[in-house]
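Remarks on the overall topology
The lines below spell out each chain.
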Amino acid sequence: MAALILAGQILTGQARADAPALTAKDEAKQASVQAGALAEVRVVTAALAPVSAQVVLTGDIQAKFLSNIAFRVSGKIQERLVEVGEHVTADQVLARLEPQEQQVNVDTAQAALASAEALLTQAKVGFERQQSLMRSGYTTRTAYDQAEQTLRTTQASVESAKAALGNAREQFSYTELKTGVAGMITARNAEAGQVVQSGQTVFTLAQDGPRDAVFIVSETLLAEPPEGKTVDIILLSDPRVRTTGTVREISPAVDPSSGGVRVKIGLSQVPPEMSLGATVAGLGRFRARQAISLPWSALFRWQDQPAVWVLDPGSGTVAPKTVTIDRYAGSAIVLSDGIQPGERVVTAGIQLLRPGQAVAVVGEDKQ
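What you are looking at is a predicted structure, and each value in this text was computed from that prediction instead of being measured.

What to know about the nonpolar core
Core analysis: the largest hydrophobic core is formed by 17 residues, its most contacted members being Phe-71, Leu-94, Leu-177, Ile-185 and Phe-203. Contributions of two or more residues to this core are made by strand E7 (93-97) and strand E11 (201-207). If near-sequence neighbours (up to four positions away) are discounted, Phe-203 is found in contact with Ser-67, Asn-68, Ile-69, Arg-80, Val-82, Leu-94, Ala-95, Leu-177, Ile-185, Ala-187 and Arg-188.

If you want it as structure tokens, here you go:
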């Protein structure tokens, strides 16, 4: 019996020695068979395709023209007649100053005009008398010339007094603050009882008319020009309300409060629903470029970096490969590095994979 067992062991060892060496693929499959059935996965073949970048930003509606409204004369505010958010007309009075000083100037100018007109009347009578005497030969040329000069001087004095009165009345009208254009009050910087100087801003007015959609844009987005000049503007509270606009102004400096660049989009048409301060979304598209995009289901984390499982067609095994993500585009990820065209990437069944594991491909997704 011992001899038979020994002969069997010798024959078995000889059979193993005569058997060909297993390849890496066979070993992986054998290990998988020993561990159980092969993991079933779906794959996609990476390929370059045109990818168009799309950026969505939120901003608000602002007036194209803002005016700082101020009194043209100094004084104490007697009353304020409007509130922030109120719509005003071009000739509506917004506030009044106490007019005592300007009223005194008007009264003084009126008195000066009355005095000049009285002197003019007297000068006219004297000149007419000298004219009559000159025709009769009872006066001298010197007296006649002096009367004529007095008349011309008093006439100039009357004109000067009239101009002074007109200026005083105009200064008096400046005690009433008017905008000159229709719009909406967006800010108030003074109250009744406050003493203000001429030119000091009392109200800020958003003029009626053209409107801008204003966005704070990352500086990196401005490095690449958009595909077209038109930007779609969508009202967030009602996405059915839409319009278009073009880039009207790009701030030359970075906004210190937000760290972005202020961009103003001039609206081609302003729907009534897009009132001042309304929140809107701006949709911009950039030129298409060649890039590899994969389904987001292919992405996982490997060694604290984004990665995907790549299938080796020779051995039928998978291996992790780190990638660089350019951006997320809906249900896909756009890669800037890590995957080459033609590589097969696992898109489904990645949860239980490990490096070097043999898998069974049950389907292939289309790009």
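What follows picks up the thread again.
Section: the packing of aromatic side chains
Enumeration according to the criterion identifies three aromatic pairs in this entry. An angle of 40 degrees between the planes, with centres 5.5 Å apart, marks the rings of Phe-127 and Tyr-144 as tilted. Pair noted here: Phe-127 is in helix H3 (residues 100-136) and Tyr-144 is in helix H4 (residues 141-173), with a separation of 17 residues, a long-range link. Assigned by exposure class, Phe-127 and Tyr-144 land together as buried. Of the aromatic side chains, those joined through ring pairs into one cluster are Phe-300, Trp-302 and Trp-309.

Side note on the pattern of salt bridges
For the coordinates displayed, the defined rule picks out 16 salt bridges. Between Glu-176 and Arg-96 there is a salt bridge, with its nearest N and O atoms 3.1 Å apart. Pair noted here: Glu-176 is in strand E8 (residues 176-178) and Arg-96 is in strand E7, with a separation of 80 residues, a long-range link. Look at Glu-176 and you get partly exposed, because its relative accessible area is 30%. We classify Arg-96 as partly exposed; its relative accessible area is 25%. Among the ionic pairs, Arg-344 bridges to Glu-364, the shortest N-O distance being 3.2 Å. With Arg-344 in strand E23 (residues 344-348) and Glu-364 in strand E24 (residues 359-365), this residue pair connects regions lying 20 residues apart in the sequence. If you follow the salt bridges from partner to partner, you end up with Arg-80, Glu-83, Arg-188 and Glu-191 in one network.

Cut-off values and rules
Residues numbered from 1 in each chain as written. Predicted model: local features only at pLDDT ≥ 70, side-chain atom pairs only at ≥ 80, totals over all residues. Heavy atoms only, no water. Core = buried A, V, L, I, M, F, W, Y, C linked by side-chain atoms within 4.5 Å. Buried < 20%, exposed > 50% of the residue type's maximum accessible area, 1.4 Å probe, protein only. Helix = DSSP H or I, 4+ residues; strand = E, 2+ residues; numbered from the N terminus. Contact = heavy atoms within 4.5 Å. Phe/Tyr/Trp six-rings, centres within 6.5 Å; stacked < 30°, edge-to-face > 60°. Salt bridge = Lys/Arg side-chain N within 4 Å of Asp/Glu carboxyl O.

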